[in-house]
Every structure is written in structure tokens, then in C-alpha cells.
Amino acid sequence: MKSLRRTRLALTVAAVALSVGATGCSYMNPVQTHDFYQAADGTNVSLQDSSKNFTFGVRNAVVVVNDDKRGELLASVVNYTDEDATVTLEGTDDGDVIFSQRVKVPANTTIQVEPKDLRKDQDPEESTPLEIGVDDFPVAAGATMELTMTVDGQKRTETMPVTDTSLAYYKGSGGSASDGAASDGGASDGGSGSGEG
């Protein structure tokens, strides 16, 4: 009788030890879904308030360089606040400013920044995406550059990839990126200043 009790006790202890050991891995490690990560080609740039809530952000930012060597920013600029704001986006490479533009973003709104070549079957009721780009883009596809977002003196810089149109979803609907791009080239360059102001 005693041996049966000992066997049951040993099995119970083994089961408890096994269950504690099995749950210990996830108990000691952070839950992956609690970590913010970029599940796309581009990069994210975020500003937060003192409570760690997002206030402004650039989402999935990447520069696409087409066959004509025109590089254009593809991204979304998000205003999570209840007030309109002006967001300055500045792309640099080794300290040299490649592009700099101010983007007006209404409260609780997302502004799309998109190369003209990538616009397909756009709904005319929707606002026209903003173009930010320069000809003779000096950074080669496959390299990286810096993207700085500035709002009301608060800024954040992250590394941003530069790609070409070899991936199918970066290919345009047909025309050259230079078609009509020159018409707002001045606005696209946004001046070659620092973007501060």
C-alpha cells in the first residue's frame, strides 16, 4: 500500500515539475505580440508623448528609385493627435540633405506619400497622394539613408531602405516616373534646407 502511495506521490510531483518547467519559458520571456515591430519593407519613425502614446508617425517609409534614376518616397504620415500639425520629412545621406519637405497633416488623419508611377485606379474622390522625390537620386538601390521626422521641435531619425523597381509591387502602371514629375519638382525637393523652422 505504501509503495502505491509513493508511486502516486512521485507521479504527482513529476507532473507538477513538468508543468512548471513547461510554463517557465514563456513566463521568463517577453510576449512577442507586445513588441512593436516593422512587418514590411520600409521603416517606421514614431514620436510619443510622456505617456508613451503615439503622437505622430511615418509608416513603412522606403525610397523607390526607378529606371530614370528618380528616387521617390513611399510612406504614410500619421497624426494621432486632435490638432492639425505640420510634419517635416528630411532624407539625408552622410549628412547631405537629399530631400526635405513639410507635410500638413490634419488631426487624426493619415497622408499618403506615393510615387506617381505606383498610383493605380485611384478613386477621384480620395485626396491625391503627396509626391516627395528628386531626380538623379544619389543613393544606390540596396543601400540605406536616414529619415528624420520633426514636429514642433521634437524629432526622431531612423535608417530607411532604398530600393529599385525589381519587386513587382514597386513597378509602375506603365509610364515613366519622370512623366509629369517635373511639374511639381520644386515642391518635391521642398528646398534643400535643413527642414527646421
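Worth saying up front: this structure is predicted, and the values here are computed from it rather than measured. (Residues numbered from 1 in each chain as written. Predicted model: local features only at pLDDT ≥ 70, side-chain atom pairs only at ≥ 80, totals over all residues. Heavy atoms only, no water.)

Participant: What's the story with the overall build of the protein in this structure? I'm lost.
Facilitator: Looking only at helices and strands, the protein has 2 helices and 9 strands in total. Its helices and strands taken in sequence order, the protein reads α-β-β-β-β-β-β-β-β-β-α from the N to the C terminus. Here the protein holds 197 residues, and the buried ones make up 36% of them. For the protein, contacts bridging at least 24 residues in sequence account for 59% of all contacts bridging at least 6. Per element, the accessible surface of the protein, about 12,000 Å² overall, is 51% carbon and sulfur. (Helix = DSSP H or I, 4+ residues; strand = E, 2+ residues; numbered from the N terminus. Buried < 20%, exposed > 50% of the residue type's maximum accessible area, 1.4 Å probe, protein only. Contact = heavy atoms within 4.5 Å. Areas by Shrake-Rupley, 256 points an atom, 1.4 Å probe, with all protein chains shown as cover.)

Participant: Which parts of the structure should I look at to understand the pattern of salt bridges?
Facilitator: Close approach of charged atoms allows side chains of opposite charge to pair. Evaluation of the coordinates by the stated rule reveals 3 salt bridges. Its salt-bridge partner being Asp135, residue Arg70 comes within 3.0 Å of it at the nearest N-O pair. Placement of Arg70 in the loop between β2 (54–65) and β3 (71–79) and of Asp135 in the loop between β7 (133–134) and β8 (144–151) is noted, with a sequence separation of 65 residues between them. Look at Arg70 and you get buried, because its relative accessible area is 3%. Judged by its relative accessible area of 48%, Asp135 is partly exposed. Salt-bridge contacts for Arg156 lead to Glu158; the nearest nitrogen and oxygen are separated by 2.9 Å. Counted as one network, the salt bridges with shared partners bring together Arg70, Glu72 and Asp135. (Salt bridge = Lys/Arg side-chain N within 4 Å of Asp/Glu carboxyl O.)

Participant: Sorry if this is basic, but what is going on with the pairing of strand β5 (residues 96–105) here?
Facilitator: Within a regular strand, the side chains alternate between the two sheet faces. Inspection of the sheet shows strand β4 (residues 85–93) paired to β5 by 9 bridges, in the antiparallel sense. If you follow Val87 over to β5, its bridge partner there is Val103. Counting the residues that bridge the hairpin from β4 to β5 gives 2 residues, and of these Asp94 lies at a positive phi of roughly 50°. (Pairing = 2+ DSSP bridges.)

Participant: Before we go on, may I ask you to explain a negative patch on the surface in this structure?
Facilitator: A grouping of Asp82, Glu83, Asp84 and Asp152 is seen on the molecular surface, where their side chains present a negatively charged patch. Inspection of the secondary structure assignment puts Asp152 in the loop between β8 and β9 (154–163). (Patch = residues over 30% accessible without salt bridge, like charges linked within 9 Å, V, L, I, M, F, W, Y side chains within 5 Å. Lys, Arg positive; Asp, Glu negative; His and termini not counted. Charge placed at Lys NZ, Arg CZ, Asp CG, Glu CD.)

Participant: In this structure, what is going on with unusual backbone geometry? I would like to understand it.
Facilitator: Glycine aside, a negative phi is what most residues show, and trans is what most peptide bonds show. Backbone geometry places Asp94, a non-glycine residue, at a positive phi of 50°. Structurally, Asp94 is set in the loop between β4 and β5. Looking at Asp94, the relative accessible area reads 76%, which means it is exposed. Although it is not a glycine, Asp152 adopts a positive phi angle of roughly 50°.

Participant: What am I meant to see in the pairing of β2 here?
Facilitator: The buried fraction of β2 is high, at 10 of 12 residues. As paired elements, strand β1 (residues 43–48) and β2 share 5 bridges and run antiparallel to each other. The residue of β2 that forms the bridge with Gln48 is Phe54. Between β1 and the antiparallel strand that follows it, β2, lie 5 residues; Lys52 among them carries a positive phi value of about 70°. Note that β2 and β3 share 8 bridges and pair antiparallel.

Participant: Please explain the nonpolar core as it appears in this structure.
Facilitator: In a soluble, globular protein the nonpolar side chains are often hidden away together inside. Residues Val63, Leu73, Leu89, Phe99, Phe137 and Met149 are the most contacted members of the largest nonpolar core, which totals 29 residues. Of all elements in the fold, only β1, β2, β3, β4, β5, β6 (109–113), β8 and β9 reach the threshold of two or more residues within this core. Of the residues forming this core, the biggest block, 5 residues, is contributed by β2. Setting aside its immediate chain neighbours within four residues, Leu89 contacts Val58, Leu73, Val77, Phe99, Ser100, Gln101, Val103, Ile132, Leu147, Thr148 and Met149. (Core = buried A, V, L, I, M, F, W, Y, C linked by side-chain atoms within 4.5 Å.)

Participant: Got a minute to help me understand the environment of Leu74 in this structure?
Facilitator: Following the sequence through the fold, Leu74 ends up in strand β3. Residues Leu74 and Val63 lie 11 residues apart in sequence; the distance between their C-alpha atoms is 6.0 Å. If we skip the residues at most four places from it in the chain, Leu74 touches Asn60, Ala61, Val62, Val64, Val113, Glu114, Pro115, Leu118 and Tyr170.

Geometric values such as these leave the question of function open.
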